[in-house]
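# Residue-level structure breakdown
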Amino acid sequence: MATSDPSALRSQAELMPRYYAQRAQEYERVFDKPHRQPDIATLKTWLRQQFAGRSVLEVASGTGFWLPEATAEARAWQGSDLNPEVLAIARSKPLDVAKVQFREADAYALDFVAPGAASPYDAGFAGLWFSHVPRSRRAEWLSQFHAQLQRGAHVVLMDNAYVEGDSTPISRLDAEGNGYQLRSLSDGSRHEVMKNFPTEAEFRTLLAGRAHEIRWQPLRYFWTLSYTLD
Ligand SMILES: C[S@@+](CC[C@H](N)C(=O)[O-])C[C@H]1O[C@@H](n2cnc3c(N)ncnc32)[C@H](O)[C@@H]1O
């Protein structure tokens, strides 16, 4: 892939979802790593608290790994993902179907709330998603995600921290500084996947004038970010 070619980013936007569709059945193996269990337990408890009493819009739900805990005390939960393959697994989780629903949606073209209409969502969530947003689309993605939520909504993002010797190495950077990892699936297929490791400082710049109560929580293998929309 040519590193400075904008069409390369477009093709990555198509390849990445296809990679996750193909990975659906084996996706959650990544959460089996024994040394990550303390972080994962911390995150599950923390997510449960974050959404207590909230009506949540989630993008890129994937297989719903976090959702039995994250949805436990929520008032209502609208999950979404581009891939039906992962949503089928999410729907099989022990979730309260009276308040948790899913539908296919492109995280870059969210249409849960029509322009100008009142949003039912007082919280937003995206787990392990922002790392796949190209640097040049970060501000745009945040804007349209925030536009689906109420003013004053509570937003939670969380993702992987880069840990030397444990994370899949970054094999190259493109012209705008996006990192790429070479990943393999159990069928032997190899995939180049864009994966970034944004910093607290980058988020503080991105969220300036949009949010307050910005809280960054670095764990060993993950980070979390929460904030209140202005
Ligand atoms: C790393 S997984 C995260 C899944 C889940 N949130 C978690 O924390 O385990 C990334 C997810 O993004 C989804 N995805 C990729 N491109 C997307 C897009 N344009 N819109 C919505 N979801 C997308 C993939 O299908 C995949 O489920």
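If you're wondering where the values come from, they're calculated on a predicted model, not measured in any experiment.

Looking only at helices and strands, the protein has six helices and 10 strands in total. Taken over the C-alpha trace, the protein has a radius of gyration of 17 Å; the compact-globule value for 230 residues is 17 Å, and the two agree within 12%. Counting only C-alpha atoms, the protein reaches 45 × 40 × 30 Å along its principal axes. For the protein, the proportion of its 230 residues judged to be buried stands at 53%. Sequence-distant contacts, at least 24 apart, represent 62% of the contacts inside the protein between residues at least 6 apart. For the protein, the computed accessible surface area is about 10600 Å², with 51% contributed by carbon and sulfur atoms. Distance from the positive charge centre (26 side chains) to the negative charge centre (28 side chains) of the protein: 2 Å.

What follows deals with the site of the ligand. The full set close to the ligand counts 21 residues, and Tyr27, Ala60, Asp81, Asn83 and Ala107 are the nearest of them. Take alanine 107: an N or O atom from its main chain is 2.8 Å from a nitrogen atom of the ligand. Isolated, the ligand exposes 590 Å² of accessible area, and the fraction of that covered by the protein chains is 97%. If you tally residues by element for the shell around the ligand, the top one is helix H1 (residues 6-23), at three residues. Tallied by class, residues from the shell around the ligand come to 14 nonpolar, five polar and two charged.

The next subject is the sheet that holds strand E8 (residues 190-194). An order of E6-E7-E8 is seen for the three strands of this open sheet, with the pairing classed as antiparallel. Each of the sheet's edge strands pairs with one partner strand only, and the pair in question is strand E6 (172-173) and E8. Both strand E7 (residues 179-184) and E8 contribute to a ladder of five bridges, which runs antiparallel. Note on E8: the bridge partner recorded for arginine 183 is histidine 191.

Quick look at the side chain of arginine 36 now. With respect to the helices and strands, the residue arginine 36 is situated in the loop between H1 and helix H2 (37-50). Setting aside its immediate chain neighbours within four residues, arginine 36 contacts Asn160, Asp166, Tyr221 and Phe222.

Another aspect to go through is a nonpolar patch on the surface. A cluster of nonpolar side chains, Tyr162, Ile170 and Leu173, forms an exposed patch at the surface whose accessible area comes to about 250 Å². Mapped onto the secondary structure, leucine 173 falls in strand E6.

With that out of the way, let us pick up the UniProt feature "domain: Methyltransferase" (unreviewed entry) in the protein. Using the residue numbers shown here, the UniProt feature "domain: Methyltransferase" (unreviewed entry) corresponds to residues 56-152. Between the end C-alpha atoms of residues 56-152 there is a gap of 13 Å, over a span that is 22% helix and 21% strand.

So, about the pattern of salt bridges. For the structure shown, the criterion picks out 11 salt bridges. The partner of glutamate 140 in a salt bridge is arginine 137, with the nearest N and O atoms 2.9 Å apart. Each of Arg135, Arg138 and Glu202 takes part in a single network of salt bridges with overlapping partners.

What counts and what doesn't
- Residues numbered from 1 in each chain as written.
- Predicted model: local features only at pLDDT ≥ 70, side-chain atom pairs only at ≥ 80, totals over all residues.
- Heavy atoms only, no water.
- Helix = DSSP H or I, 4+ residues; strand = E, 2+ residues; numbered from the N terminus.
- Rg over C-alpha atoms; globule rule 2.2 N^0.38 Å.
- Buried < 20%, exposed > 50% of the residue type's maximum accessible area, 1.4 Å probe, protein only.
- Contact = heavy atoms within 4.5 Å.
- Areas by Shrake-Rupley, 256 points an atom, 1.4 Å probe, with all protein chains shown as cover.
- Lys, Arg positive; Asp, Glu negative; His and termini not counted.
- Charge placed at Lys NZ, Arg CZ, Asp CG, Glu CD.
- Near = heavy atom within 4 Å.
- Polar contact = N/O pair within 3.5 Å; in protein donor to acceptor, adjacent residues only side chain to side chain.
- Nonpolar A, V, L, I, M, F, W, Y, C, P; charged D, E, K, R; others polar.
- Pairing = 2+ DSSP bridges.
- Patch = residues over 30% accessible without salt bridge, like charges linked within 9 Å, V, L, I, M, F, W, Y side chains within 5 Å.
- Salt bridge = Lys/Arg side-chain N within 4 Å of Asp/Glu carboxyl O.
- UniProt positions renumbered as here; feature names shortened; annotations may be inferred.

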